[in-house]
Amino acid sequence: MSVVQSIDHLALLPAYAAAGTAVLVLLTDLLLARRGATLAVAGAGAVATVLVALLAGRQTRSTFCVADGCSYLAGGRSALVAVVFGLLTVGVLALAAPALRAGPTPTGEYCFLLACSMTGGVVLGAAGDLITLIVALETLTLPLYVLVGLRRGSQASAEAAVTFFVVSVVATSVTLLGAALLHATTGTLHLARLGPVLTGGTPPAAGAVPVDHPLTTVAVTLLVLGLAFKVAAVPLHAWAPATYDGAPLPVAAYLSTASKFGGVVALLAVVQGPLPATRTGPVLAVLAVATMTVGNLVALRQQRTVRLLAWSSVAQAGYILAPLGVLALTAGRTGAVRDTAVAAALAYAVLFVVLELAAFAAVVALRPVGADGGTIADHRGAGRRHPLVGAALVLALVGLAGLPPGLAGLFAKVVVVRALLDGGAGWLALVVAVNAVIGLAYYLRLAATLYAPTPVATSGGPVVTGADRPVIPRPVAAALTLTTLAAVVLGFAPQLLLDATRW
Amino acid sequence: MTVLLVAVLALPLLGALLTAALPARADRTARAVGTGFAALTLLAALPLAAGDRGWFAYTTESPAIRPWHQVDLPWVPGLDLRFHLGVDGISYPLVVLTALLVLLCCGYTLWRVPDGGPGRLLVALLLVVEVGLLGTFLALDMVLFLVFFEVVLLPMYAMIAGWGGADRRRAARKFALYTLLGSVLLLVGVFTVVTAAGTADLVALTGGTGLSRGTQLAAFTLLALAFAVKSPLWPLHTWLPDAHTQAPTVGSVVLAGVLLKMGTYGLIRVAVGVAPEGARWAAPVLGVLAVAAILVGSLVCLAQDELKRLIAYSSVGHMGFVLLGVATLTATGLQAALIGNIAHGVITGLLFFLAGAVKDRTGTGLLAELSGLRETAPRLAGLLAFAAVASLGLPGLAGFWGEAFAVVAAVQVGGPFWTTLAVLAAVGGALTAAYLLRLLRRVTHGRPTPAVAPLGAALARTELAAWAPLVLLALVIGLAPGLVLGMAGDPVQALVERVTSR
């Protein structure tokens, strides 16, 4: 074997674009030191990453290959993941732009960290071995520790950063331990080879522990649990609400969309092929049920907007994991059903990310520049003052609840339920169904508050003149419009997404 | 004709968007625009009956659903979702009833907008509800049916929560959560069938071909539960009285007039059609629950003191008759259910309009405070008497056919079990008469109370325009039930043959 690997740079183009964005942002900040320019470079870089990923996704390529398999697999799947991360970065930058221009937060650092995180996400989708996967996931998460703590002078923000940091590091070490043990039992780290080895199709490398050793079960469980931390699945969720609430609003939006999506992609990568379904299935089924139920029940009692969205996103993680619960059943382990389940989880995750970003964008638009999410009561009557933003927020919330007119959300639920019934897991479909009812209760509470009469009503009635409407910054309005548009388009043409998720 | 089929859905949707988009200062114009679109929708729906009906084409080999007209386009192949619409003798009366009632409600808002929000939004919501209702009745694809079924939920919630009475939020939330429970059960039920059969086409699925017994039992249980919440069937009815009491008049009219029919229509078209073996298996349970609904509804009505609540509970009883008709699984029973559906829509729609008018004028719905209405408002009291008499099933008026033939169908099935059910249902019918007569006695007799005393005899022209079609329909359907039964005869016969053949 040659010592020098040949590297397919074409496959790596999206990753280059993302990393290049980070470097360019750093240079722009250093040389020009103008906030607007830095923001523009970061935004343009993220858009370029999306475009490159779209172009590169037309063909399947792989690089960093050894006898065992390849570490970097570019194709439709990695393109979809890269596009989602790129668009999320653009969206979050737009949401953060007004606060960055006005506030004390250092723009250069902010954009650089966000671009680094995007790079992690772009590589994550293409990861072909466990080490690349974990490193990419860490690259995605690491900048967020700093971003969460960037609300200067806020104790909540600092506490949130520390909580997030500690929990996340523990999660990573658990994942790494799982990966190390797996290497000990199988002698390989490549995802493509792990599957055959673990199912006994291929003999493990010389000197490895026998595959049916209890150590394998421990390794698989640790790996899945470590990744479940990132998804904020119950019982590994406690960090999420506190962290989201303490973080600046755009960062909270990024955490609940990009960070969660990263966890999902990593989990899907190890569950679809490599890890034995007999061991992951039951764990995932239990995680899914616990996550959606606990998330929904606790969300019922939240009084702060971001906490409500945070708990709801915990519940949504449960719906994302639910289709994977079919792996717990014998009928659910056949190739076609397993692929349907994975595609369903991914489709749900993408639709959730779009709706969640729309909801956060609307909350950012309704709040003063740089403010946190406030309490739900702060939003009283906001829908009457800003009819369009109110409508967008209601559409996003209703979509998260899974009902028309948020058709995207309805189809998301349909995809999950269909995958579950395909795999014969009717009981899990019923759990999802009942949870959707609980979920509607709190989404409706927030939506209804938007249109509740304001307590200090001037005698003039509900009609508010244009004068006392605070102006919504243009980038925020654009982000909100585009995200809502994406949700509407995906609602009417979900086939676009369903085609993209079948890899 | 296929253009009309799509127009029936596109017109109200377009109307809703336009109405909502008009600025606040053009509120009245916006309401008029919305009403115009509702009228166009009715005009588009009426001619659907024309054209080749293929009466003779029902044979044992042909599919049990033979739509007069249909549209079939792919939408989301990955979810087996096709945009497949069609109209036949079972759905056509409901489509027309929906279009008519929504038009009347929109017209009514031209004259009076309940407190709570801008009238144009109320009209827009009414039109969105209409899209959902018409789509549900026209859908020939199970997944499409599900989508439209869910479309109705939130606009109706917003209507109650925005324009309702004092306790509207709680009532609206209860409505939304209960009916969503029904919807999600429908979701699971629909995909139980779709994943087992590999298609969502109702035309292909009707008759239960190719579904195992276990699948059919599971599917029917889920679907029947879903529709039972919507209908509503005792004991899943508790959302209904609250929602009705709090909803604005037009909301109550649409809710009672057509929204409940989504449940019974779905039961006939989807649940019974797709899982006949499950239907046969569950029929006795359904029959018992239906009779329980009739009896419980009537008994509760006897003790009600509030006008709208009483009418709401009476719906539980009336829908009990409809469900009893379905439970018999005979041609007579299904026919009774269909005409009972229409009659209840017309009469209860009228009753809620009248109750709203009484409440608007007097500011109270308590029966004790309404005595002497006949003295001061004879026309209103007269119409109320007419509607109540029609509701209690006087022969010659619309309410008679559905209830009488549901009982007849149960007797025809025979055996001690169904005969007992028939007798109990008949007793329920007598109780229905009792509480409606009690209502009339309380409202029309006695001395005028302070709330009633200042009323004038006059009725607004809009009110007359909104009520007259319903009064006429109650008479026409009562005298010539063949109008509804004639077109439903063959499709029902075809359905029954599929359901009863083993």
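All figures in this text were calculated on a predicted structure; none of them were measured in a lab.

Procedures and definitions
- Residues numbered from 1 in each chain as written.
- Chains lettered and ligands numbered in written order.
- Predicted model: local features only at pLDDT ≥ 70, side-chain atom pairs only at ≥ 80, totals over all residues.
- Helix = DSSP H or I, 4+ residues; strand = E, 2+ residues; numbered from the N terminus.
- Rg over C-alpha atoms; globule rule 2.2 N^0.38 Å.
- Contact = placed C-beta atoms within 7 Å.
- Buried ≥ 20, exposed ≤ 12 C-beta atoms within 10 Å, placed from the backbone.
- Axes fitted to C-alpha atoms, helices over the stretch in contact; angles between N-to-C directions.
- Parallel < 35°, antiparallel > 145°, perpendicular 65-115°, else oblique.
- Left-handed = near helix turned anticlockwise from the far one by under 90°.
- Nonpolar A, V, L, I, M, F, W, Y, C, P; charged D, E, K, R; others polar.
- pLDDT = per-residue confidence, 0-100.
- Core = buried A, V, L, I, M, F, W, Y, C linked by C-beta atoms within 7 Å.
- Domains from an automatic or database assignment.
- Pairing = 2+ DSSP bridges.
- Expected span 1.5 Å × (residues − 1).
- Bend = angle between axes of the 7 residues up to and from the residue.

Turning our attention to the overall build of chain B. Helix and strand counts for chain B come out as 20 helices and two strands. Its C-alpha atoms give chain B a radius of gyration of 21 Å, within 12% of the compact-globule value 23 Å for 502 residues. On the principal axes, the C-alpha backbone points of chain B span a range of 65 × 60 × 40 Å. Long-range contacts, defined here as pairs at least 24 residues apart, represent 79% of the contacts in chain B between residues at least 6 apart.

This brings us to the overall build of chain A. If you tally the helices and strands in chain A, you get 19 helices and two strands. Each principal axis of the C-alpha distribution contributes one length, and for chain A these read about 80 × 60 × 40 Å. Of all 503 residues assigned to chain A, the portion counted as buried reaches 61%. The contacts in chain A between residues at least 6 apart in sequence include a share of 78% that link residues at least 24 apart.

It is worth spelling out the packing of helix 6 (residues 153–163) of chain B against helix 11 (residues 249–274) of chain B at this point. Residues and elements named next belong to chain B. Running from N to C, helix 6 and helix 11 cross one another at 155°; their axes reach a closest spacing of 10 Å. As the angle between them shows, helix 6 and helix 11 are arranged roughly antiparallel. For helix 6 against helix 11, the interelement crossing comes out left-handed. Residues M156, M159, I160 and W163 of helix 6 lie in contact with helix 11, whose contacting residues are G251, L255 and L259. Tallied by class, residues from the contact of helix 6 with helix 11 come to six nonpolar, one polar and no charged.

Residues and elements named next belong to chain A. Averaged over all residues, the pLDDT of chain A equals 85, while 92% of them reach at least 70. Taken element by element, chain A is modelled with least confidence in helix 7 (residues 191–198), mean pLDDT 79, and with most confidence in helix 4 (residues 107–124), mean pLDDT 92. Residue range residues 457–467 is modelled with pLDDT below 50. Its contacts to residues more than four positions away, or to other chains, number six contacts.

Across the boundary between the two partners, chain B contributes 25 residues, which contact 27 residues of chain A. Listing elements by their share of the side of chain B that touches chain A, those giving two or more residues are helix 5 (142–151), helix 6 and helix 7 (168–197) of chain B. Among the elements that take part in the side of chain B that touches chain A, helix 7 of chain B stands out by supplying 13 residues, more than any other. Its residues placed into classes, the side of chain B that touches chain A shows 18 nonpolar, four polar and three charged.

All names here are of chain B. Within the fold, V123 resides in helix 4 (residues 119–138). Measuring from C-alpha to C-alpha, the distance between V123 and A16 comes to 7.3 Å, with 107 residues separating the pair along the chain. Residues contacting V123, with those up to four places away along its chain left out, are T19, A30, R31, G34, C106 and T109.

Time to look at the nonpolar core. All names here are of chain A. With 422 residues, the main nonpolar core has A345, Y348, A362 and V432 as its most contacted residues. The dominant element in this core, judged by the number of residues it contributes, is helix 13 (residues 335–366), at 26 residues. Residue-level mapping places this core at the junction of two domains, with at least three residues from each of domain 1 (1–248) and domain 2 (276–454 + 472–503). Apart from the residues within four sequence positions on either side, Y348 is in contact with Y319, I320, A412, V415 and V416.

What follows deals with the domain arrangement of chain A. Residue and element names in this part refer to chain A. When the domains of chain A are assigned, the result is domain 1 (1–248) and domain 2 (276–454 + 472–503). In this complex, domain 1 contributes 31 residues to the contact, which on the side of domain 2 involves 33 residues. Take the side of domain 1 that touches domain 2: its biggest share by element is 12 residues, from helix 3 (residues 76–102). A per-class count over the side of domain 1 that touches domain 2 returns 21 nonpolar, eight polar and two charged.

Moving on to unusual backbone geometry. Residues and elements named next belong to chain B. Cis peptide bonds are those with omega within 30 degrees of zero, and the linkage from S231 to P232 qualifies with -10°. Within the element layout of this structure, P232 appears in the loop between helix 9 (213–230) and helix 10 (239–246). Of the consecutive residues W234 and P235, the connecting peptide bond is found in the cis state with omega at 5°. Mapped onto the fold, P235 is located in the loop between helix 9 and helix 10. Here D80, not a glycine, exhibits a phi torsion of approximately 60°, which is positive.

We now examine the pairing of strand 1 (residues 69–76) of chain B. Residues and elements named next belong to chain B. Two elements, strand 1 and strand 2 (residues 81–87), share seven bridges in a ladder whose sense is antiparallel. Within the sheet, the bridge partner assigned to P74 lies in strand 2 and is R82. Count of turn residues in the strand 1/strand 2 antiparallel hairpin: four residues, of which D80 carries a positive phi of about 60°.

To continue, consider helix 3 of chain A. All names here are of chain A. Taking 1.5 Å of rise per residue, the 27 residues of helix 3 would be expected to cover 39 Å, and the 40 Å separating its terminal C-alpha atoms lies within 8% of that figure. A96 marks where helix 3 bends most, by close to 45°; the proline P98 follows one to four residues later. The buried fraction of helix 3 is high, at 24 of 27 residues.

Residue and element names in this part refer to chain B. For the pair helix 14 (residues 331–362) and helix 20 (residues 482–500), interaxial distance at closest approach is 9 Å and the crossing angle is 140°. For the element pair helix 14 / helix 20, the angle class is oblique. Two packed elements cross with a definite hand, and for helix 14 against helix 20 that hand is right-handed. Of the residues in helix 20, those in contact with A331, L334, Q335, L338, I339 and I342 of helix 14 are V484, L485, A488, V492, Q493, L495 and V496.

All names here are of chain A. In this sheet, strand 2 (residues 70–74) lies alongside strand 1 (residues 61–65) in antiparallel orientation, the contact comprising four bridges. Residue pairing in the sheet places C65 in a bridge with C70 of strand 2. Hairpin connection of strand 1 to strand 2: four residues between the antiparallel strands, including G69 at a positive phi of 160°.

Our focus in this paragraph is the confidence of the model for chain B. Mean pLDDT over chain B: 86, with 97% of residues reaching 70 or higher. Per the prediction output, this complex has pTM 0.90; the corresponding ipTM is 0.88.

Another point: the environment of A:H386. Residue placement: A:H386 occurs in the loop between helix 14 (382–385) and helix 15 (387–401). Judged by the 20 C-beta atoms lying within 10 Å of it, A:H386 falls in the buried class.

Let's shift gears to the environment of B:Y108. Residue and element names in this part refer to chain B. Note on placement: Y108 falls in helix 3 (residues 92–111). Using a count of 24 C-beta atoms within 10 Å as the deciding quantity, one classes Y108 as buried. For Y108 and L464, which are 356 residues apart along the polypeptide, the C-alpha to C-alpha distance reads 9.8 Å. With residues near it in sequence (within four places) discarded, Y108 still touches V250, T462 and A466.

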